[in-house]
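# Structural overview
Here is how the chains run, residue by residue.
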Amino acid sequence: MRQPPTSAPAAPSSATTTAAPAPALHGYLAALATVVIWAGFILISRLGGKTGLTGWDIVALRLGTASLVLLPFSLKLPAGTWRDGKLWTLALSGGLTFLVLVYAGLKLAPAAHGGILMPGMQPFLVTAMAWWILGARPPRQRVLALVPIALGMLCVAIPSVLGTHGGPSTLLGDVLLLSASLTWAVYSVLVKKWAYDGWLLTRFVALASCLVFMPVYLLFLPKGLDQVPMSMLVLQALYQGIGPTILAMVLFLKAVTILGAERTGALVALVPVMAGLGAVPLLDEPLTAWLVAGLVLVSSGAFLAARPIKH
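Residue positions are given per chain, counted from 1 along the sequence in the order it is written. Local features are withheld for residues below a pLDDT of 70 in this predicted model, meaning they are given only at 70 or higher, and side-chain atom pairs are given and counted only at 80 or more; totals for whole chains, interfaces and linings count all residues. Note that water and hydrogens are dropped before the side-chain values are worked out from all heavy atoms of the structure.

On to the overall build of the chain. The helix and strand inventory of the chain stands at 13 helices and 0 strands. Helices and strands in the chain line up, N terminus first, as α-α-α-α-α-α-α-α-α-α-α-α-α. Summary of the burial criterion: residues with accessible area below 20% of their type's maximum are buried, those above 50% are exposed, and those between are partly exposed, where the area comes from a 1.4 Å probe applied to protein chains only. Relative to its full complement of 311 residues, the chain shows a buried share of 50%. Contacts between residues were defined by any pair of non-hydrogen atoms, one from each residue, lying within 4.5 Å. Residue pairs at least 24 apart in sequence account for 90% of intrachain contacts in the chain once pairs closer than 6 positions are excluded. With the model as given, the accessible surface of the chain reaches about 14400 Å², and the carbon-plus-sulfur share is 71%. Runs of H or I in DSSP of at least four residues are treated as helices and runs of E of at least two as strands, each being numbered from the N terminus. Areas reported as accessible are Shrake-Rupley estimates using a 1.4 Å probe. Residue values count occlusion only from the protein chains shown.

Below you can see the structure in the form of structure tokens.
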């Protein structure tokens, strides 16, 4: 991470000059905190997916807990919030659709696949979506930085491809996870384009998604809540409902606002490697040379992509 300079050229206001790097530093710290929470999100989600819980159950636990926490802070949203079509687009894409695809995918595919196909693909998908939606052509430095990220993703993927995690169900899980990644890339670029307040968006996405999903879940969808111990329900509810839904959302939106969607997406490339390392003690997955190589390559690429562009 680039540190703020210790000195600056003389300027009319030295306070302004020395404080200028702080927002960028805040953006990097917010992005890295998001990385840690999302790595845990993949691990905890896969842990739940290996139990009797359905994907619908985990969506319900996440949205229900988040809504209960956020409701006291959401009684007086700005006028017109609930009639804003753009907010509903963000809620139904980056909120509900993304969650349904993620938890369905992690019920079928291993955690390593989730890390590769969701955050691992974000540097490519966000760059492509930013070019398409915003007309923001990626600079040469960022394109070159995608090369080691791609090689790192390949290193992380090879053990899964050569291992025993195969079959039609895993392939379907991979398709769902890749669809979730594409949905999140579109969401992150639209967040940058429409520039909503992060706290407003965090509250609205959770509450609106819950209002749409919960009636359908309670009335029609299969449930497996009675198939797991209470400790698993508490873990899923608290981590999913507070970590990625509230804390990571606020941090992610802060990072996108300060650094931009493309640079934040590049830093998110660290998630699959961190998830792979975390899976060693939590899910009994081996620490391989491929994973170490992936760590070095992805970290290098994320660092290069996150550096300020030189003009």
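What follows picks up the thread again.
The next thing to look at is the packing of aromatic side chains. Centres within 6.5 Å are what make two rings of Phe, Tyr or Trp a pair, Trp counting through its six-membered ring; a difference in plane orientation under 30 degrees is then read as stacked, over 60 as edge-to-face, and the rest as tilted. Taken as a whole and assessed by the stated rule, the structure comprises 12 aromatic pairs. Ring plane angle 40° and centroid distance 5.2 Å describe the contact between tryptophan 38 and phenylalanine 252, whose orientation is recorded as tilted. Residue tryptophan 38 is found in helix 2 (residues 21–49), and its partner phenylalanine 252 is found in helix 10 (residues 230–259); the two are separated by 214 residues along the sequence. The buried category is assigned to phenylalanine 252, whose relative accessible area is 4%.

This part takes up the nonpolar core. Counting 79 residues, the largest nonpolar core has Val102, Met118, Tyr187, Leu201 and Phe213 as its most contacted members. Leave out the neighbours within four places in its chain, and methionine 118 touches Phe41, Ile42, Phe98, Val102, Leu177, Ala180 and Ser181. Nine residue types can take part in a nonpolar core, namely buried Ala, Val, Leu, Ile, Met, Phe, Trp, Tyr and Cys, and a core is a set of them joined through side-chain atoms within 4.5 Å.

Bringing helix 4 (residues 85–108) into the picture now. Expected helix span is taken as 1.5 Å per residue step, with the number of steps being one fewer than the number of residues. For helix 4, built from 24 residues, the straight-helix expectation of 34 Å at 1.5 Å per residue is met to within 8% by its first-to-last C-alpha distance of 33 Å. The largest bend in helix 4 amounts to roughly 35° and is located at phenylalanine 98. Polar contact is the term for a pair of N or O atoms within 3.5 Å; when the atoms are in protein, one must be able to donate a hydrogen and the other to accept it, and sequence-neighboring residues count only if both atoms are side-chain atoms. For helix 4, the N-terminal capping position is held by aspartate 84, with its side-chain oxygen 2.9 Å away from the main-chain nitrogen of lysine 86. The bend reported for a residue corresponds to the angle between axes fitted to the seven residues ending at that residue and the seven starting there.

Its 23 residues place the ends of helix 9 (residues 198–220) 33 Å apart at the C-alpha level, agreeing with the 33 Å of an ideal helix rising 1.5 Å per residue. Considering bend angle alone, the principal kink of helix 9 is centred on phenylalanine 213 and spans about 30°; proline proline 215 follows within four residues of it. Where helix 9 begins, one side-chain oxygen reaches toward the backbone nitrogen of tryptophan 199, 3.2 Å away; that side chain belongs to aspartate 197.

In the Ramachandran plot, alanine 195 falls in the positive-phi region, its phi being about 55° despite a non-glycine side chain. Looking at the element boundaries, alanine 195 is found in the loop between helix 8 (168–194) and helix 9. For alanine 195, a relative accessible area of 60% gives the class exposed.

This next bit is on the packing of helix 3 (residues 55–70) against helix 9. The interhelical angle for the contact between helix 3 and helix 9, taken along N-to-C directions, is 130°, at an axis separation of 9 Å. Viewed along their axes, helix 3 and helix 9 adopt a mutual orientation that is oblique. Crossing geometry of helix 3 relative to helix 9 is assigned as left-handed. Residues Trp56, Asp57, Val59, Ala60, Leu63, Gly64, Ala66, Ser67 and Leu70 of helix 3 touch helix 9, and the partners they reach there are Trp199, Thr202, Arg203, Ala206, Leu207, Ser209, Cys210, Phe213, Met214 and Tyr217. Orientation is described by axes fitted as lines to C-alpha atoms, over the contacting stretch for helices, and by angles from 0 to 180 degrees between their N-to-C directions. Reported orientations rely on four angle classes, namely roughly parallel under 35 degrees, roughly antiparallel over 145, roughly perpendicular from 65 to 115, and oblique for the rest. Each crossing is labelled by how the near helix is turned from the far one, with a counterclockwise turn of less than a right angle marking it left-handed and a clockwise turn marking it right-handed.

Once that is clear, we can look at the packing of helix 4 against helix 9. Between helix 4 and helix 9, whose axes approach to 8 Å, the crossing angle comes to 75°. The angle between helix 4 and helix 9 places the two elements in the roughly perpendicular class. Contacts between helix 4 and helix 9 pair Leu87, Trp88, Leu90, Ala91, Leu92, Gly95 and Leu96 from the former with Leu201, Phe204, Val205, Ala208, Ser209, Val212 and Phe213 from the latter. Throughout this entry, Asp, Glu, Lys and Arg are counted as charged residues, while Ala, Val, Leu, Ile, Met, Phe, Trp, Tyr, Cys and Pro are counted as nonpolar. The remaining residues, Gly among them, count as polar. A class-by-class count of the residues in the contact of helix 4 with helix 9 yields 12 nonpolar, 2 polar and no charged.

Before going further, it helps to spend a moment on the environment of leucine 151. Tracing the backbone shows leucine 151 in helix 7 (residues 140–162). Its relative accessible area of 42% is what places leucine 151 among the partly exposed residues.

The next subject is the side chain of threonine 54. Along the polypeptide, threonine 54 turns up in the loop between helix 2 and helix 3. Here proline 222 takes part through its backbone oxygen, which lies 3.4 Å from a polar atom of the side chain of threonine 54.

Moving on, we get to the confidence of the model for the chain. pLDDT expresses, on a scale from 0 to 100, how confident the predictor is about each individual residue. Model confidence for the chain is summarised by a mean pLDDT of 82, while 86% of its residues fall at 70 or above. Ignoring residues within four places in sequence, the model shows residues 1–20, a span with pLDDT below 50, making 12 contacts including any to other chains.

So, on to the side chain of aspartate 174. By secondary structure assignment, the location of aspartate 174 is in helix 8. Salt bridges are absent for the buried aspartate 174, whose nearest opposite-charge side chain, arginine 46, sits at 9.6 Å. The contacts of aspartate 174, once residues within four sequence positions are left out, are Ala109, His113 and Leu117. Neither His nor the chain ends is counted toward charge; the positive residues are Lys and Arg and the negative residues Asp and Glu. Definition used for salt bridges: Asp or Glu carboxyl oxygen within 4 Å of a side-chain nitrogen of Lys or Arg.

Looking now at the environment of isoleucine 242. Structurally, the position occupied by isoleucine 242 is in helix 10. With a relative accessible area of 30%, isoleucine 242 lands in the partly exposed category.

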